[in-house]
Structure formats: C-alpha cells, structure tokens
Amino acid sequence: MILKPGAATLAELEAVWRGAAASLDPAARPGVEAAAALVAKAASEDAPVYGVNTGFGKLASRKIAAKDTATLQRNLILSHCAGVGAALPEAETRLMMALKLLSLGRGASGVRWEVIALIEGMLARGVVPVIPEQGSVGASGDLAPLAHMAAAMIGAGEAVFEGRRTPGAEALASAGLAPVTLGPKEGLALINGTQFSTALALAGFWRAAEMARASLVTSCLSTDAIMGSDAPLLAEIHRLRGHAGQIAAASAMRGLMEGSEIRESHREGDSRVQDPYCIRCQPQVLGACLDLLAQAARTLETEANAVTDNPLVLVEEGRIVSGGNFHAEPVGFAADQIALAVAEIGAIAQRRVALMVDPTLSHDLPPFLTPDPGLNSGFMIAEVTTAALMSENKHLANPCTTDSTPTSANQEDHVSMAAHGALRLRRMLDNLAVILGVEALCAAQGVECRAPLSTSPRLAAALARLRAEVPRLEEDRPMAPDMERAAALIASGALAAAAGLDFRIEETMR
C-alpha cells in the first residue's frame, strides 16, 4: 500500500489495519528533506527554536547547547516512555505507525528521510513496537504511547518480531535494521501527534461499521420472528424525513426482507395495528447511528492525513512556528460519537431480544423461546446478559472529551482525553457483538417456530450460516459457547455477508 500524504483514504487505511504492508509515496521526499534542512539550519544558529534547541513543555525556556542536541532528543524519548497497561494489539500499532508516516510525509515536521525509511522498514519486515495502552491524555499529542514506538526505533524499549517480544535493538537487528540516532526536533516530531488515538478510533469505527451492518440482518430476522410489519420500511416515509442514514437503513432492510413468507402470511387479518418501537423505529435509530458514524469517519479521515506535531516547519515561509495541532479534540469527539452509536445500536437490539423472549409480546412464540418451558429456561439468562452488557455500554458511552484535567505543571492545562475515549470502544464493541449475537440466536429460534412458513431467501441464508455454527436450542445446555460463536459471526461480518449485505457506511458520507 503506497500512502500519499494528505490523500490517504479510509479504505487504504483499513487495508493497512487488516495487514497490508505500507510505505510512503516517494514523491513526498523532496518536501521532507527541505523541512529537515530548515531544522538543521535552525539548530546551527543561536536563536532559540522550541524543540530544536530548547527544553520541552514547561521547560521550553531552557536553551540547549548544540553539542547536546542528540542527547536532548534521546532523553525526550526515554523520559516519555511512561505508558502502563496491556500492549496495544499489533494491528492498531501498525496502523499508528502508518499514520505517523503520513504525518511526517507532509514535509512540515523537519525529520530526515532516514527516520521515515526506518518506520517503513519496520512495517515491511514486521517489527512491531510494544506500546502500553494507557498513559495518554490526548494533548500534547499521544506522548507516552508514541514515545514507546520511538524507543524501539532508537534501539531502546521493546518490540515484537516473528512472535518474540525482545528489546528494541535485538528486534531491529533480527530484522536486518539499524536503530536511528535522532537529530534536532526528530524525537519531538515522533512523539507529538494524535496517531495513537486516531488509530484506536479508526479501528473502533471499522468494527462499529461491521456491527451496524450485522444489526440490519438481526433486526430483520427479529421482525419476522415476532411477525412484525415491514410497512414502516416504505421508502416514502424515509424520504420525507430526509436523513441519509435512515434512508439507507430502510432500503437495506426492505431488500433483506423481500420474499418472506412469514411477512406475507399476516398482511391481512392481523389485529395488531403497530409494532413496538424497537421493531418499527429501527431505520430511524440505526439510521441516526449510521449518520453519526459517517460524521466520525469524515473527521478521522481528515485527522489521519493531518500534521499534528509541534512546532511546524513552514518551508515556503522559511519559518518554524509553534501551534497546537497536537490537541486531539477532534479525535476525542469522533470517539465519543462512535461510542454513542455503539450504545444505541445495542440498546435497541436488546429490546428486541426482550421482546422475543416475552410470550405476552412475541405474538405466540413460546416463553423464552424454548420448546418445553418450565422444565427448560431457554434464553432467559442470555437475555439478562444482554441487559447487563447494554447497561455497561450506556455507562461507557458517557463523553470523555468533557473530562479535561491540567497536566505538566499547568502548561498543558486543557486536554482531550481522546486516547481512552477511543480505547474504551474496544470493550463496548465486544459487548455489542454479544448483544447482536444473542439477538441472532433468539431471532433464528423464533423464525424456526414459524415453520412451515419461511423467512426471505437472504435472511434464510444468514440463518443457515448461523446454524452451521450453533444448532437450534431444543433443551437447555450451556449458553456461553453458543453466544461466543454467534458473537464471532457478528464481529467477523460473516452473518451480514451470508445475507448478501454489501452496504457500507461510507456510502452515506457522500
């Protein structure tokens, strides 16, 4: 994958996240080298330039002698390796490195090309720095996580190579790479930036998009299970509202339900006038979530292509200027938006699970969807688990960006909290996969109770894919393994793929 600075797409970045190799467009090299030359010139002169020949943060007023420039940058990296917690997954780490390539490749950071070449080499040969997940407040950039990346580059820290976690110098040597000695500003350019937060938020977006697609399938299966109406899916209803996500969701659901014998069987003579909101309003709720996800995606695509370190090298003006592009507020807001969407997708799905297990609301389905209720409890506690996960996600969806706190002796007195705002998405999405997996299991059980009537061909294909992993529940058995397998089908996209659903949220961004 050849990444063009300033023009990388979500599709390209997703390919990197899923394992594609990445390098920078060589056309970026002249701009990078011009900025590096300007930094070298500043380093040779007496005028103080932040990050080049001064201390950092609250210590920016301390002038550093030219002979100590290399030590200054190395000390910066080592002192900022203060992250804690579990190691970031390799996919997100590789994406973070690719995002750093894009930022440095804009030619406004002042690093030499050999710094970029080392990151490219590490990506190409599979040297993955060990990045603790906790420790960033999202301004001044993701300092601690990116310092751990940079540490591996200078032969310190740790990295994984061919499945072995070793000291950074050993991992580089095993891959045939040499550590870099950092020049003026290069350490600061590596650790200033939002690439850790942005990588986590992008991963959260792609997983959320997969779950949103799956929820289209599970909601349609649930509608057939309780013999709900497809009248609320009429295109005219949604065109009158005008929201792109709602229109797209209703259209996808119409396609999924087309040809359902269950639906046709109760068009006439059904005493029910309207379905509960969790059935009737799925296009409105999921559509709003799709719009929110699309907005977050636009923000993250912009951020992925941004220069977010400090100071910035303005080559055409011949100046090195301090700014605040390292502040990850846009990423924090995007992560909060994704969290809201994830919580709501799960909230409405959980209500459909509750609907299907309740014999007073499910239109004659057996209590808790078991053929022999009383002797068997069926999906009783599986539904309780979904309620617990839904509630947890509601708590986790509370905004992180509003929780600023001053750091670094009040120099960095307002921060974004984007890092843990994005990190919490992983747990929320794991929860959502289970909720939707249980909905799929309940809906499949309910649809099968409607035999000899059948659901639509596309939903039948999804049901068959589910049954290839999880058999019908005839009598009580441990539910956790079934739930785990169903959640995996949701998270992997296999259930949506079986239904022939190729809907992409990016389509609503146009």
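Preceding block: the structure.
Given the structure is predicted, the values throughout are model-derived calculations rather than measurements.

J.: In this structure, what is going on with the pattern of salt bridges? I would like to understand it.
T.: Where charged atoms from two side chains of opposite charge come close, those side chains can pair. Within the structure shown, the criterion is met by 27 salt bridges. Between aspartate 309 and lysine 185 there is a salt bridge; the shortest N-O distance is 2.7 Å. With aspartate 309 in the loop between α14 (282-304) and β8 (312-314) and lysine 185 in the loop between α7 (168-174) and α8 (186-191), the pair connects residues that are 124 residues apart, well separated along the chain. With relative accessibility at 1%, the residue aspartate 309 sits in the buried group.

J.: For this particular structure, what's the right way to read the side chain of aspartate 230?
T.: With respect to the element layout, aspartate 230 can be found in the loop between α9 (195-225) and α10 (235-241). Within the structure, the side chain of aspartate 230 is placed 3.1 Å from the side chain of arginine 267, a separation counted as a polar contact. Not counting residues up to four positions away in its chain, the partners in contact with aspartate 230 are Met257, Arg263 and Arg267.

J.: Looking at this model, I keep getting lost on unusual backbone geometry. Mind explaining?
T.: Backbone geometry follows two general trends: most residues other than glycine have a negative phi, and most peptide bonds adopt the trans configuration. Of the consecutive residues alanine 139 and serine 140, the connecting peptide bond is found in the cis state with omega at 10°. Looking at the secondary structure, you find serine 140 in the loop between β5 (132-134) and α6 (143-153). Between alanine 451 and the following residue, proline 452, the backbone shows a cis peptide bond with an omega angle of 15°. Mapping proline 452 onto the fold places it in the loop between α17 (418-449) and α18 (457-467). Backbone geometry at lysine 185 places phi at a positive 70°, although glycine is not the residue there. A positive phi angle, near 55°, is found at methionine 227, a position not held by glycine. Positionally, methionine 227 belongs in the loop between α9 and α10.

J.: Explain the sheet that holds strand β7 (residues 164-167) to me, please; I cannot follow it from the model alone.
T.: Backbone hydrogen bonds hold the strands of a sheet together, and the pairing may be parallel or antiparallel. Spatial strand order, β4-β6-β7: 3 strands in an open sheet with antiparallel pairing. With partners counted over all chains shown, the strands left at the sheet margins are β4 (128-129) and β7, one partner each. Bridging between β4 and strand β6 (residues 158-161) involves 2 bridges; their strand directions are antiparallel. Bridge pairing links valine 128 to valine 160 in β6.

J.: Explain the packing of helix α1 (residues 10-17) against α9 here, please?
T.: To describe two helices that pack against each other, one gives the angle between their axes and the distance between the axes. At a closest axis distance of 11 Å, the pairing of α1 and α9 adopts a crossing angle of 95°. Between α1 and α9, the angle is such that the two are roughly perpendicular. Packed against α1, whose contacting residues are Leu10, Leu13, Glu14 and Trp17, the element α9 presents Leu202, Ala203, Phe205, Trp206 and Arg207 at the interface. Looking at the contact of α1 with α9, its residues break down into 7 nonpolar, no polar and 2 charged.

Criteria and cut-off values
- Counting restarts for each chain: residues are numbered from 1 in the order of the written sequence.
- Residue-level local features of this predicted model are given only where pLDDT is at least 70; pairs of side-chain atoms are given and counted only at 80 or more, and the full residue set underlies all totals for whole chains, interfaces and linings.
- Side-chain metrics in this entry use all non-hydrogen atoms of the structure; hydrogen atoms and water are not considered.
- The working definition used for a salt bridge is a side-chain nitrogen of Lys or Arg within 4 Å of a carboxyl oxygen of Asp or Glu.
- Helix and strand definitions here come from DSSP, where helices need a minimum of 4 consecutive H or I residues and strands a minimum of 2 consecutive E residues; each element is numbered from the N-terminal end.
- A simple rule labels every residue: compare its accessible area, found with a 1.4 Å probe on the protein chains alone, to the largest value its type can have, and call it buried under 20%, exposed over 50%, or partly exposed in between.
- The term polar contact refers here to a pair of N or O atoms within 3.5 Å; inside protein, the definition further demands a hydrogen-donor-capable atom paired with an acceptor-capable atom, and it admits residues adjacent in sequence only when both atoms are side-chain atoms.
- A contact between two residues is defined here by any heavy atoms of the two lying within 4.5 Å.
- DSSP-based pairing: two strands are paired if at least 2 bridges between them are found.
- Angles shown run from 0 to 180 degrees and are taken between the N-to-C directions of axes, each axis being a line fitted to C-alpha atoms and, for helices, limited to the stretch in contact.
- Working rule for angles: under 35 degrees goes down as roughly parallel, over 145 as roughly antiparallel, 65 to 115 as roughly perpendicular, anything else as oblique.
- Under the convention adopted here, Pro, Cys and the residues Ala, Val, Leu, Ile, Met, Phe, Trp and Tyr are nonpolar, Asp, Glu, Lys and Arg are charged, and Gly plus all remaining residues are polar.

Shape is all these values report; function is a separate question.
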